[in-house]
Amino acid sequence: MEKKENEIFLIKRLKKYIQPHYKEFVFCLFLLFFNTAVKVAGPIIIQKTVDDFIIPKNFNGLVVLLTIYFVILIVGFFTNYIEIMKLENLGQTIVAKIKTDAFAHLLKLDMVYFDKSTTGKSVSRIENDTNEMVVLFTSSITTVLSSILILISVLGVIFFKYNSLIALTLMMFIPLMLISSFFFNKFISPKLILLREYVADVSGYVTEIINGIAIVQIFGQEKRVVNELERRSKKKYELDSYTNSFFNTFFNMMFFLQSIATLIILYIGSDMIVKGTMTLGSLILFINSLSYFFMPIIELSGQFTTFQKGISGAIRIFELFDTKANIIEKENPLKIPNKEKGLNIEFKDVYFKYSERTDWILSGLSFKCPSGEHWAIVGPTGSGKTTLISLLLKFYLPQKGEILINGINIRDIDKDELRNCIGLVLQENILFPGTIYENLILKQNNKSETEIKELMTYLGIDSSISKLSDGYNTEIKENGNNISAGEKQLISFGRALLKNPNLLVFDEATSNIDPEIEGNIKTAMNKLMNGRTAIIIAHRLSTIETSDKILVLKHGKLIEEGNHKELLAKNGFYANLNKVNVGKL
């Protein structure tokens with residue numbers, strides 16, 4: 001979506017979120033009309049009080065009039081409160097729905113999007129930009145409608161009814177104020193959109209630094225990152241200050257015009273009172289009504305700016321909604337045939353690179369892994385091992401070649417169908433806020449706690465979990481910082497077992513494990529792989545010695561293959577890797 005997209009079109013896109021609440025909006029509109037009438041009635045009642053009661057010294061009906069006005073003010077206070085609270089709740093409800101939909105859409109995007117977008121900017125878009133949109137349903141809509149109603153009432157009812165000369169005199173200010181407002185908003189709107197970009201940039205940078213705080217502290221980068229944040233914040237601060245100074249200049253000019261209008265009315269009104277063509281109460285009416293004449297125009301200008309902030313937030317949110325997944329699912333995706341009997345995996349002349357500007361990460365890769373076998377993939381850093389797994393999980397699609405699962409091209413298989421068949425254990429395992437039990441079950445919430453404990457006992461990890469402070473109910477802190485790397489890994493093994501996958505993928509699953517717990521990890525791995533197809537990426541060759549076949553990658557190409565003994569006998573690249581692992585080189 002272009003940032004200059006027509007605002008009316010944006011409002012139409014918001015229509016689906018507003019429609020379910022149209023009755024509440026109509027009710028708030030009724031309250032708005034009533035509250036506007038209460039505001040306009042104030043100067044008229046004061047005029048009546050002065051001309052009909054104070055000057056004639058007739059106090060018989062004064063108490064009644066003031067009592068009625070007092071009751072109206074009390075009712076207006078409550079209706080105004082109800083209107084504000086109702087609209088605020090509506091706005092928050094609508095924005096919460098937009099935020100949920102935006103987050104759900106974000107989760108559907110593939111890795112290509114996340115490769116290009118930082119975590120901080122995605123968080124800012126979901127959180128900050130949606131919050132900016134609240135004004136579109138609350139303060140902006142009420143202020144705009146109220147200002148228009150008051151302006152029409154003041155000109156049409158008060159001025160033209162009491163004195164057309166003063167009304168026409170004041171109307172001369174309208175073109176000047178509207179022209180000033182037009183150029184003000186034309187100038188300020190792009191600045192506000194740019195300011196939103198700067199806010200997202202600062203927010204994103206802070207998020208990234210906090211996520212990597214350990215590296216920042218270990219390498220003594222505190223001063224550098226503070227200076228960088230200061231540089232980015234300075235850009236935001238300078239633009240923010242510049243726009244605020246422009247705001248202040250504009251609004252002060254509007255108030256100056258109001259002061260000029262007050263002087264004009266005092267001059268004309270005083271002359272007319274002396275000549276007997278105007279009453280004192282009418283002059284007071286006009287003076288009191290000046291704020292109701294100028295404030296709507298000033299508020300409309302101010303709300304246009306607020307409205308622009310909401311629009312700029314909506315633009316960025318709908319940019320996210322309009323971001324399409326790089327991998328387009330087929331309308332009628334295929335199921336994996338005979339998956340209950342296992343998965344046969346075949347790569348046929350696969351070429352892949354992350355960008356057109358980069359070299360091939362995988363180049364002409366071909367192999368066929370039969371169902372039930374355990375295969376390992378080794379190679380130096382950057383050889384394409386993890387990329388191979390990403391393709392197998394359909395995070396990306398190859399530019400050339402085919403990946404077949406039980407003879408079906410992965411392009412034709414529903415990604416959810418495919419991923420439900422695969423259990424993944426990573427080097428850096430992600431644990432979510434919640435208990436260990438909740439982290440274990442994830443989607444497998446149909447198993448009882450007893451069944452889960454039995455499966456964890458089979459895997460050999462129940463004792464490790466039970467030793468924790470609250471066992472399975474132990475709360476996981478952010479990033480799992482309150483448990484060890486080995487315990488995280490054991491939980492990830494348990495999670496994979498509960499999924500009951502057809503294919504297991506281990507991506508450097510033992511690289512960060514202490515030697516004393518490595519035996520437990522190996523035992524868990526062997527039990528997990530029992531009866532399943534497995535692909536293991538490993539640096540520790542001791543964990544793959546019993547694999548049915550080992551693929552050796554280098555620069556994205558398959559340079560050797562065979563089992564452990566066969567590869568050692570070749571005395572090639574794998575044999576050298578093995579010597580390094582056992583300390584013989």
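Residues numbered from 1 in each chain as written. Predicted model: local features only at pLDDT ≥ 70, side-chain atom pairs only at ≥ 80, totals over all residues. Heavy atoms only, no water.

### Notes on the overall build of the protein
Then step 1. Of the regular secondary structure elements, the protein holds 20 helices and 12 strands.
Then step 2. Taken against the 2.2 N^0.38 rule, which gives 25 Å for 585 residues, the C-alpha radius of gyration of the protein at 35 Å runs more than 25% over that of a compact globule.
Then step 3. Its C-alpha atoms put the protein at 120 × 50 × 50 Å along the principal axes.
Then step 4. Evaluated residue by residue, the protein yields a buried proportion of 45% over its 585 residues.
Then step 5. Partitioning the contacts of the protein with sequence separation of at least 6, the portion at a separation of at least 24 is 76%.
Then step 6. Carbon and sulfur atoms make up 59% of the accessible area of the protein, which amounts to about 30,500 Å² in all.
Then step 7. Separation of charge centres in the protein, based on 65 positive and 59 negative side chains, amounts to 3 Å. (Helix = DSSP H or I, 4+ residues; strand = E, 2+ residues; numbered from the N terminus. Rg over C-alpha atoms; globule rule 2.2 N^0.38 Å. Buried < 20%, exposed > 50% of the residue type's maximum accessible area, 1.4 Å probe, protein only. Contact = heavy atoms within 4.5 Å. Areas by Shrake-Rupley, 256 points an atom, 1.4 Å probe, with all protein chains shown as cover. Lys, Arg positive; Asp, Glu negative; His and termini not counted. Charge placed at Lys NZ, Arg CZ, Asp CG, Glu CD.)

### So, the sheet that holds strand S1 (residues 345-352)
Then step 1. One open sheet accounts for four strands, arranged S2-S1-S4-S5; its pairing is antiparallel. The open sheet has two free edges, formed respectively by strand S2 (362-369) and strand S5 (408-409), since each of these has just one partner strand.
Then step 2. Pairing of S1 with strand S4 (residues 400-405), which is carried by five bridges, proceeds in the antiparallel orientation. From the neighbouring strand, Phe347 faces S4, where its bridge partner is Ile403.
Then step 3. In this fold helix H12 (residues 385-392) packs onto S1, S2 and S4, with an angle of close to 115° to the strand it touches most, S1. (Pairing = 2+ DSSP bridges. Axes fitted to C-alpha atoms, helices over the stretch in contact; angles between N-to-C directions.)

### With respect to empty space enclosed by the protein
Then step 1. Counted according to the given criterion, the structure contains two cavities of 30 Å³ or more.
Then step 2. As a volume, the largest cavity reaches approximately 40 Å³.
Then step 3. Lining the largest cavity we find Ile436, Ile461, Ser464, Ile465, Leu468, Glu487, Leu490 and Ile491.
Then step 4. Mapped onto the lining of the largest cavity, the elements with two or more residues apiece are helix H16 (462-466) and helix H17 (485-499).
Then step 5. If you tally residues by element for the lining of the largest cavity, the top one is H17, at three residues.
Then step 6. When the residues that make up the lining of the largest cavity are grouped by side-chain class, the tally is six nonpolar, one polar and one charged. (1 Å grid on protein atoms, 1.4 Å probe; cavity = no way out; pocket = protein on both sides within 12 Å on 5 of 7 lines; lining within 4 Å. Points joined across faces, edges and corners; volume = space filled by probe spheres on them. Nonpolar A, V, L, I, M, F, W, Y, C, P; charged D, E, K, R; others polar.)

### A word on the sheet that holds strand S6 (residues 422-425)
Then step 1. What the six strands build is an open sheet, ordered S6-S9-S10-S3-S11-S12; its pairing is mixed. Of all strands in the sheet, those bounded by a partner on one side alone are S6 and strand S12 (557-562). Within this sheet the neighbouring strands show an average axis-to-axis angle of 15°, counted without direction.
Then step 2. Here strand S3 (residues 374-378) pairs with strand S10 (residues 533-537) via four bridges, running parallel. Bridging across to S10, His374 finds its partner in Ala534.
Then step 3. Along the sheet, H12 makes contact with S3, S6, strand S9 (503-507), S10 and strand S11 (549-554), crossing S10 at roughly 145°.
Then step 4. Together, S6 and S9 form the strand contacts of H17, whose direction differs from that of S6 by roughly 180°.

### Concerning the pattern of salt bridges
Then step 1. Scanning the model with the defined rule gives 15 salt bridges in all.
Then step 2. Its salt-bridge partner being Glu228, residue Arg231 comes within 2.7 Å of it at the nearest N-O pair. With Arg231 and Glu228 both in helix H10 (residues 222-275), this residue pair falls three residues apart, about one helical turn.
Then step 3. A salt bridge links Glu402 to Lys348; the nearest nitrogen and oxygen atoms lie 3.9 Å apart. Placement of Glu402 in strand S4 and of Lys348 in strand S1 is noted, with a sequence separation of 54 residues between them.
Then step 4. Via salt bridges that share partners, Asp201, Glu228, Arg231 and Arg232 belong to a single interconnected network. (Salt bridge = Lys/Arg side-chain N within 4 Å of Asp/Glu carboxyl O.)

### Concerning helix H2 (residues 22-54)
Then step 1. The terminal C-alpha atoms of H2, which comprises 33 residues, lie 47 Å apart, in line with the 48 Å expected from a rise of 1.5 Å per residue.
Then step 2. Taking the largest bend as the criterion, H2 deviates by roughly 30°, centred on Ala41, and proline Pro43 comes between one and four positions later. (Expected span 1.5 Å × (residues − 1). Bend = angle between axes of the 7 residues up to and from the residue.)

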